[in-house]
Amino acid sequence: MLYTAYLKLYNNAMKIGVFGGTFDPVHLDHLAVIRGAIRALNLDKVLLMLTLNPPHKPETVTDYAVRREMLTVFAEESGLPLEIDDSEELFAPKAYAYQTLPYLKEKYDGDDLIYLIGSDSLFKFTEWKRPETVARSMPIAVYPRGDDLGVAEECDRLTALYPGSEFIPLPFVSHGISASLVRFMSETGDEEGLGRVLTPRVKQFIVDKRLYTDYRPIVEKLKAELPAGLFAHSLRSAEWAVTHAWLQGTGFKESFLAALLHDSAKPFSPMFPMDTYPVGTAKPVCHQYDGGYRVVHDFGITDPAIVDAVTYHTTARANMTKLDELVYLADKLEKGRNYPGVDELRAIGEKSVSDAVAASLKRSDEYLSGKGERPDALTLQAIEWYNQKNGRHNGT
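As the structure is a computational prediction, the values presented were derived from the model and not from experiment.

**Q** Could you give me a rundown of unusual backbone geometry, with the residues and numbers involved?
**A** Cis rather than trans, the peptide bond between D24 and P25 has omega equal to 5 degrees. In this model, S269 is joined to P270 through a cis peptide bond whose omega is 0 degrees. Examined against the element boundaries, P270 turns out to sit in the loop between α13 (252–260) and α14 (286–297). A positive phi is found at Y212, a non-glycine position, where the angle reads about 60 degrees. Tracing the sequence through the fold places Y212 in the loop between α10 (200–208) and α11 (216–225). Residue classification places Y212 among the buried residues on the basis of a relative accessible area of 6%.

Quick look at the structure:
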């Protein structure tokens, strides 16, 4: 043991953090994590391992060459001991941690490598491809995202689950910035917001190359059509949706567009004779069906998942999709909402969108019952469906 330690000292062994990610885009939370890890683990440098084609992402990412150029700008600007590693290119078209980490271990033989992951990845670690290989490749240091609740306990559990592994909770919490939030700000033209979440040169890189502006025309069209207050609500709903989409495994595009357009028909509704809507539909509910129509015919979006999420965002329905749930809840919990019980629902939604939908439906049913009213037929079906799913009947 002493001889090994002596050899490492003699050979100028380094302590290296391995920080992988899509970096689409790279932002200030990444910088905070790197700085915190360098301090907490006494790292000599950090490898930025740029993901080629992330296997866990539900949609395509920005071209690898563009992301690498952006990451180079970030590394130069940071003033930190960072090195971009392109090892994932060797495992194209998709690389997994169980492949890349052993390769890095061999590539940096004689150095001490530590893998850095977020707590969101920690709690899904057993779902990774060949997690036992990843766990035993090198120590894994975990930075909490949002809060550190349960992180230390999960680190202990996984260390025991995979003999020979070591999961280390880090003593800092990330700021809660996400790539989805940055993309939301870019899509909506919020350059002031971008300045709060990006380094100056990375922000300029994104602006100059017009990255993350695919849906700007839709945003501008909606802004021109809706009253200011309703447009602001739509933006806040889209922000909630994209920043919680990771809980549902839904992609940025569908989450952003469905939440953004959910109330697109509200000023014009009802758009058709009342007898063309489902029997018993109240006038205030018509806008969800009209919204589904407008998504296709006025905005040119034909993705059935997006159309359905807009079409049922007010009433909900039985057996909702992940996107349905996300948009329904985004409408109810966006930061401009203020009604009794909203903070409790928000707290539930931070952990489980599905549980928060069930709780919101139950609250809505109780509220209407107190007024002597009944919910829409679809809402009643949704309530019953969630009751059965959660082992309840008729709310009991």
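This is not the end of the story, as more comes after the structure.
**Q** Break down the pattern of salt bridges for me, citing the residues and quoting the values.
**A** Inspection of every chain in the model, using the stated rule, returns 19 salt bridges. The residue K221 makes a salt bridge to E225 at a minimum N-O spacing of 2.8 Å. With K221 and E225 both in helix α11 and 4 residues apart, the pair spans about one turn of that helix. Overall, the relative accessible area of 32% leaves K221 in the partly exposed class. What makes E225 partly exposed here is its relative accessible area of 24%. With its nearest N and O atoms 3.7 Å apart, the salt bridge here joins D308 to R317. Overall, the relative accessible area of 29% leaves D308 in the partly exposed class.

**Q** Tell me about the packing of α13 against helix α16 (residues 322–333), residues and numbers included.
**A** Two numbers describe how α13 lies on α16: the axes approach to 9 Å, and their chain directions differ by 45 degrees. With respect to their mutual orientation, α13 and α16 come out oblique. Between α13 and α16 lies a crossing whose hand is right-handed. The residues of α16 that touch α13, namely those facing E254, S255, A258 and A259, are L323, L326 and V327.

**Q** Any details on the nonpolar core? Residues and values, ideally.
**A** Membership of the largest hydrophobic core comes to 87 residues, with the highest contact counts inside it found for F19, L48, F74, F184 and F256. It is helix α12 (residues 228–248) that contributes the most residues to this core, 8 residues altogether. Core analysis: the second largest hydrophobic core is formed by 24 residues, Y98, L101, L104 and V151 among them.

**Q** Talk me through the packing of aromatic side chains; I want residue IDs and the actual numbers.
**A** Taken as a whole and assessed by the stated rule, the structure comprises 14 aromatic pairs. Both rings, one in F19 and one in F23, keep their centres 5.7 Å apart while their planes meet at 80 degrees; by these two values the pair is edge-to-face. In this structure F23 comes out as buried when scored by relative accessible area, which is 3%. Considering the side-chain rings of F125 and F167, the 5.1 Å spacing of their centres and the 85 degrees angle between planes classify their relative orientation as edge-to-face. Taken together, the positions of F125 in the loop between α5 (119–122) and α6 (131–137) and F167 in strand β6 (residues 167–169) put the pair 42 residues apart, joining distant regions of the chain. We note that F125, like F167, is buried. Over the face of the ring belonging to F299 we find K221, whose NZ or CZ atom lies 5.3 Å from the ring centre.

What counts as what
- Residue positions are given per chain, counted from 1 along the sequence in the order it is written.
- Per-residue local features are limited, in this predicted model, to residues with pLDDT of at least 70; the limit for side-chain atom pairs, both in listing and counting, is 80 or more; totals at the level of whole chains, interfaces and linings are taken over all residues.
- The side-chain figures draw on all heavy atoms in the structure; neither hydrogens nor water molecules are used.
- What counts as a helix is a DSSP run of H or I of at least four residues, what counts as a strand is a run of E of at least two, and both are numbered from the N terminus.
- Relative accessibility decides the category of a residue: with a 1.4 Å probe and only protein chains considered, values under 20% of the type maximum give buried, values over 50% give exposed, and everything between is partly exposed.
- Salt bridges are defined as contacts in which a side-chain nitrogen from Lys or Arg sits within 4 Å of a carboxyl oxygen from Asp or Glu.
- Fitted lines through C-alpha atoms serve as axes, helices being fitted only where they are in contact, and the angles separating the N-to-C directions of these axes extend from 0 to 180 degrees.
- Roughly parallel means an angle under 35 degrees; roughly antiparallel means over 145; roughly perpendicular covers 65 to 115; every other angle is labelled oblique.
- We call a crossing left-handed when the near helix sits turned anticlockwise from the far one by less than a right angle, and right-handed when that turn is clockwise.
- What makes two residues a contact is simply this: any of their non-hydrogen atoms within 4.5 Å.
- In this text, buried Ala, Val, Leu, Ile, Met, Phe, Trp, Tyr and Cys residues form a nonpolar core when linked through side-chain atoms within 4.5 Å.
- Stacked, tilted and edge-to-face are the three classes assigned to paired rings of Phe, Tyr and Trp, where Trp is represented by its six-membered ring and a pair needs centres within 6.5 Å; plane angles under 30 degrees give stacked, over 60 edge-to-face, the rest tilted.
- We call a charge positioned above a ring when the Lys NZ or Arg CZ atom is no farther than 6 Å from the ring centre and deviates by at most 35 degrees from the ring normal.

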